[in-house]
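Spelled out, the chains give:
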Amino acid sequence: MVSARPGELDAWFKSLMVSSSSQRGQSESGGPLPTLSGWKDLPVELLLRILSTVGDDRMVIVASGVCTGWRDALGWGVTRLSLSWCKQNMNSLMISLAHKFTKLQVLTLRQNNPQLEDSAVEAVANYCHDLRELDLSRSFRLSDRSLYALAHGCPRLTRLNISGCSNFSDTALTYLTCRCKNLKCLNLCGCVKAASDRALQAIAQNCGQLQSLNLGWCDEVTDKGVTSLATGCPDLRAVDLCGCVLITDESVVALANGCPHLRSLGLYFCQNITDRAMYSLANSRVKSKRGRWDAVKDGLANLNISQCTALTPPAVQAVCDSFPALHTCPERHSLIISGCLSLTSVHCACALHPHRAGRALMPNHAY
């Protein structure tokens, strides 16, 4: 449990008094400022302003333990919290805090060493019903209990990062998507058991607003799952399929045809990908509302085809030519082709017209 540190709070109070006396000699009503005898007398609005300026979540936790007034004020006023700084006892700390911060909308519980257990996630789900963004990455100790708890307690989730949570099953993930239908960003990198074709079909059926999906190193994913995503989630903008060794051209063709706003695609080590996939991307430029092709605004801006050794230069060059936002030049390296020695001749427009690279790096207001 984190205890209050009066010395630090006293320092806040003293600096506040100096700032207040120098900036304002009177209250908004024109009368003299109220006398503050100590930091416990701070108005709630001023307390929240100070803590937001400090920008240290540890201080927020300390302040919540000063008195019931501060605890209640912070519980209503704090909407973002990160415990990623906590190197030990994160689980017990989260359990002790969940009932205090019931208005949280963004919670980061990323760990370098696994600490978090299902009991902490269940506490979050029991109290933080407004939660929109949750980062549980590298929580190796969590089980399906956590996903079931989130499904019941946090139905408003829009962003969920469970990368590295290797114990989750596709059954639990499927259940979560049935209740958290507002998901827009989902990171499943390394969730080998959870990211099955069955789970991807559930995502496609339930999460039609999805814009970003990371399936990196989910090596059980096949074309069946990806093609269902392309049909059910047409608003996808970023898809990472790096290490999904079973997918073929069918997946890329489906994404090219079904996801017109696709901006980023990761295909690292997808060695079944051939030129057919590249040509499908090259032909997928989106028409703007004015009826003209606008690949710079709407098309691919990032493509990773490293270790896709079956690709040939003409096919990859066609993609690069179709989407001017793809670059092979060092300044804006967004077409990644490392490990493909046969593709060294592929180049972006900057290589032929060096002045374009300089213009591209200029800020928009320069035009």
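Note that this is a predicted model, so its numbers are computed, not measured.

Criteria and thresholds
- Residues numbered from 1 in each chain as written.
- Predicted model: local features only at pLDDT ≥ 70, side-chain atom pairs only at ≥ 80, totals over all residues.
- Heavy atoms only, no water.
- Helix = DSSP H or I, 4+ residues; strand = E, 2+ residues; numbered from the N terminus.
- Buried < 20%, exposed > 50% of the residue type's maximum accessible area, 1.4 Å probe, protein only.
- Contact = heavy atoms within 4.5 Å.
- Areas by Shrake-Rupley, 256 points an atom, 1.4 Å probe, with all protein chains shown as cover.
- Pairing = 2+ DSSP bridges.
- Phe/Tyr/Trp six-rings, centres within 6.5 Å; stacked < 30°, edge-to-face > 60°.
- Salt bridge = Lys/Arg side-chain N within 4 Å of Asp/Glu carboxyl O.
- Core = buried A, V, L, I, M, F, W, Y, C linked by side-chain atoms within 4.5 Å.
- 1 Å grid on protein atoms, 1.4 Å probe; cavity = no way out; pocket = protein on both sides within 12 Å on 5 of 7 lines; lining within 4 Å.
- Points joined across faces, edges and corners; volume = space filled by probe spheres on them.
- Nonpolar A, V, L, I, M, F, W, Y, C, P; charged D, E, K, R; others polar.
- pLDDT = per-residue confidence, 0-100.

Engineer: Looking at this structure, I do not really get the overall build of the protein. What am I missing?
Structural biologist: Summing up its helical and strand segments, the protein has 16 helices and 10 strands in all. Taking all 367 residues of the protein together, the buried fraction comes to 48%. The long-range share in the protein, meaning contacts at least 24 apart out of those at least 6 apart in sequence, stands at 78%. Summing over all exposed atoms, the protein offers an accessible surface of approximately 17,500 Å²; the carbon and sulfur share of this is 51%.

Engineer: Is there a simple way to explain the sheet that holds strand S5 (residues 185–187) in this structure?
Structural biologist: Neighbouring strands of a sheet are bound in pairs by backbone hydrogen bonds; such pairs are parallel or else antiparallel. Strand order in the open sheet formed by 10 strands is S1-S2-S3-S4-S5-S6-S7-S8-S9-S10, with parallel pairing between adjacent strands. What marks the edges here is a single partner per strand, and that holds for strand S1 (80–82) and strand S10 (335–336). The pairing of strand S6 (residues 212–214) with strand S7 (residues 238–240) spans 3 bridges and is classified as parallel. Opposite Ser 212, over in S7, you have Ala 238 as the bridge partner.

Engineer: Just to check I follow, could you spell out the packing of aromatic side chains for this structure?
Structural biologist: Two measures describe an aromatic ring pair: the distance that separates the ring centres and the angle between the ring planes. Under the defined criterion, the tally for this structure stands at 3 aromatic pairs. Between Tyr 268 and Phe 269, the aromatic rings sit 6.0 Å apart at their centres with planes inclined by 40°, giving tilted as the arrangement.

Engineer: Which parts of the structure should I look at to understand the pattern of salt bridges?
Structural biologist: Counted according to the given criterion, the structure contains 8 salt bridges. For the salt bridge of Asp 135 with Arg 110, the shortest nitrogen-to-oxygen distance reads 2.6 Å. You can see Asp 135 sitting in strand S3 (residues 133–135) and its partner Arg 110 sitting in the loop between strand S2 (106–108) and helix H6 (118–127), a full 25 residues away along the chain. Taking relative accessible area as the criterion, Asp 135 reaches 8% and is therefore assigned buried. Note on Arg 110: relative accessible area 42%, which makes it partly exposed.

Engineer: Mind showing me how you'd approach the nonpolar core here?
Structural biologist: Soluble globular proteins tend to pack their nonpolar side chains together in the buried interior. Formed by 103 residues in total, the largest nonpolar core has its most connected members in Leu 265, Leu 267, Met 278 and Ile 305. If we ignore the near neighbours within four places in the chain, the residues touching Leu 267 are Leu 241, Cys 242, Ile 247, Val 252, Met 278, Leu 303, Asn 304, Ile 305, Ser 306 and Cys 308.

Engineer: Would you explain empty space enclosed by the protein in this entry?
Structural biologist: One water molecule sets the probe size; rolling that probe over the atoms shows where empty space is left. Scanning all chains against the criterion turns up 2 cavities of 30 Å³ or more. Considering only enclosed or pocket space, the second largest cavity measures out at about 40 Å³ in volume. When the residues that make up the lining of the second largest cavity are grouped by side-chain class, the tally is 1 nonpolar, 5 polar and 2 charged.

Engineer: Please explain the confidence of the model for the protein as it appears in this structure.
Structural biologist: Should the pLDDT be low somewhere, the predicted coordinates at that spot are not to be read in detail. In this model, the protein carries a mean pLDDT of 85, and residues with pLDDT of at least 70 account for 78%. Taken as a whole, residues 20–28 scores under 50 in pLDDT and shows 7 contacts with residues more than four places along the chain or in a different chain. Confidence over residues 286–293 falls short of pLDDT 50; this stretch has 9 contacts with residues more than four positions distant or in other chains.

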